[in-house]
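So you can see what is in the structure, the chains are spelled out below.
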Amino acid sequence: MKFELDRVFIEEACRDSAIARRVLERLPSEVGVEYVADGRAAALPVADQADPFAAGKRRLILMRRRSPFLMACPAGSGEFACCGYLVLTLASNCPMDCSYCFLQEYVADNPGFQIYANYADALGELEALSRKAPGRHFRVGTGELADSLAFDGLTGLSLDLVDFFARRSNLLLELKTKTDEIDNLLKVDPRGQVLVSWTLSPPAVFQSSEHRSASPAARIEAARRLAEAGYGVAFHLDPIIAYPQAEHDYLELLDHLFAMVPPAAIRFISMGGLRMSPGLRSAARRRFPDDPMLAGEEVLSCDGRYRTFVPLRARLFRVLSERIAKQAPGLAAYLCMESATMSERIFGRRPPNPANLGEQLAKS
Ligand code: SF4
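Conventions adopted
Residues numbered from 1 in each chain as written. Predicted model: local features only at pLDDT ≥ 70, side-chain atom pairs only at ≥ 80, totals over all residues. Heavy atoms only, no water. Pairing = 2+ DSSP bridges. Helix = DSSP H or I, 4+ residues; strand = E, 2+ residues; numbered from the N terminus. Contact = heavy atoms within 4.5 Å. Axes fitted to C-alpha atoms, helices over the stretch in contact; angles between N-to-C directions. Phe/Tyr/Trp six-rings, centres within 6.5 Å; stacked < 30°, edge-to-face > 60°. Lys NZ or Arg CZ within 6 Å of the ring centre and 35° of its normal. Buried < 20%, exposed > 50% of the residue type's maximum accessible area, 1.4 Å probe, protein only. Near = heavy atom within 4 Å. Nonpolar A, V, L, I, M, F, W, Y, C, P; charged D, E, K, R; others polar. pLDDT = per-residue confidence, 0-100. Core = buried A, V, L, I, M, F, W, Y, C linked by side-chain atoms within 4.5 Å.

Looking now at the sheet that holds strand E1 (residues 7–11). Reading across from one edge, E2-E1-E3-E8-E6 is the order of the five strands in this open sheet, with mixed pairing throughout. Lying at the two open borders of the sheet, with one neighbouring strand each, are strand E2 (32–36) and strand E6 (91–92). On the sheet, helix H1 (residues 18–26) packs against E1, E2, strand E3 (59–63) and strand E8 (113–116) and is oriented at approximately 150° with respect to E3.

Rendered as structure tokens:
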């Protein structure tokens, strides 16, 4: 097991679930296990801890999800460039600790690392979607509130997911990760229905800000191996941080990526600038006061988030999109959580509407 846990809590109702059985089989013997009536109580912050959010990451809770698993990506609106992604929430929080991570604010009141043992209900929701719109293609991601593959060695969840998606031609699964946890994926055949995407940052950002994640080189190597094994692979340059050497470092990262993974094997590259709500910015700077990547000057955007000055981030988007176009002509590149005006500025056209872009990415 790559990440350390202090304790595992299992909701009584999930005692006999497949996931609880697998976790108990593989859990190191020194990690204590406790059965609880309601996992939600175990997910609450513990008041006398110095950093309740960090402590929550070390408390694994296997519990039922009481609300729907499937929802439209929260970024999707007429205001922002969007890819029509559907979010499947199978877990909440993450054992890694990136200094810019929005979970520091989003799950501050609920920081326990929850994995939902009733994920068969999620597959039921997907089945209903697939049957309701058999002529449409949907891209469904599990990496919104958690890393898709952290702890996959413990839960084996990816094996069930790949098996499900491999048998549905209009559903594409996107697993999003900052790990190189691919052993389970290499055992199964995705039959073209599974895409694994990595968030990539230059080594300088990895070292200062992406604690306990796999190195950029290890992520790229994992992508190369999965592409060879028949998986679609994709990359998110997100958040792009405008530090002094950023342009050089991000271009070097792209060059390394294209040297290791054949551009023809890459489905898309998304780009998004660092953005932080005032609450997230305060939490991040409080938890990581020495991180130089959090020290940049920013302006408050119209959506209430702090972003790098428009000319600085537009220059980075332009330079990177030009390098992608040069090294990998025809490779789809798009902006995430940026205005349609920014998209027009970088690509010379407004983004397609979310449903069309989602459909295109799900099929490509
Ligand atoms: S890997 Fe993703 S979910 Fe995990 S801490 Fe980093 S940004 Fe957050």
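Applying the stated criterion to the full structure yields eight aromatic pairs. Ring-pair connections join several aromatic residues into one group, and the members of that group are Phe3, Phe113 and Phe151. One Lys or Arg, Arg168, reaches over the ring of Phe164 and ends 3.8 Å from the middle of that ring. Between Arg281 and the ring centre of Tyr306, over which it is positioned, the NZ or CZ distance is 3.7 Å.

Right, let's get into the pairing of strand E10 (residues 171–177). Consecutive residues of a regular strand have side chains that alternate between opposite faces of the sheet. Counted residue by residue, E10 has six buried out of seven residues, so it is predominantly covered. By the bridge criterion, four bridges tie strand E9 (residues 138–141) to E10 in an arrangement that is parallel. Within E10, the position partnered with Phe138 by the bridge is Leu171. Of the strand pairs in this sheet, E10 and strand E11 (residues 194–199) are connected by five bridges, and their pairing is parallel.

Moving on, we come to the site of the ligand. By nearness alone, every residue bordering the ligand is listed as Cys94, Met96, Asp97, Cys98, Cys101, Leu103 and Lys178. Grouping the constituent residues of the shell around the ligand by class yields five nonpolar, no polar and two charged.

What follows concerns the confidence of the model for the chain. Taken as a whole, the chain shows an average pLDDT of 93; of its residues, 93% reach a score of 70 or greater. Within the model, the stretch residues 76–81 combines pLDDT values under 50 with 20 contacts to residues more than four positions away or in other chains.

With that settled, consider the nonpolar core. Counting residues in each nonpolar core, the largest one holds 107 residues, and the members touching the most others are Phe235 and Ile269. With seven residues, helix H10 (residues 246–260) is the largest single contributor of residues to this core. Excluding residues that lie within four positions of it along the chain, Ile269 makes contacts with Phe235, Leu237, Leu254, Leu257, Phe258, Ile324, Leu331, Ala332, Ala333 and Tyr334. Membership of the second largest hydrophobic core comes to five residues, among which are Leu172, Leu195, Phe268 and Tyr334.

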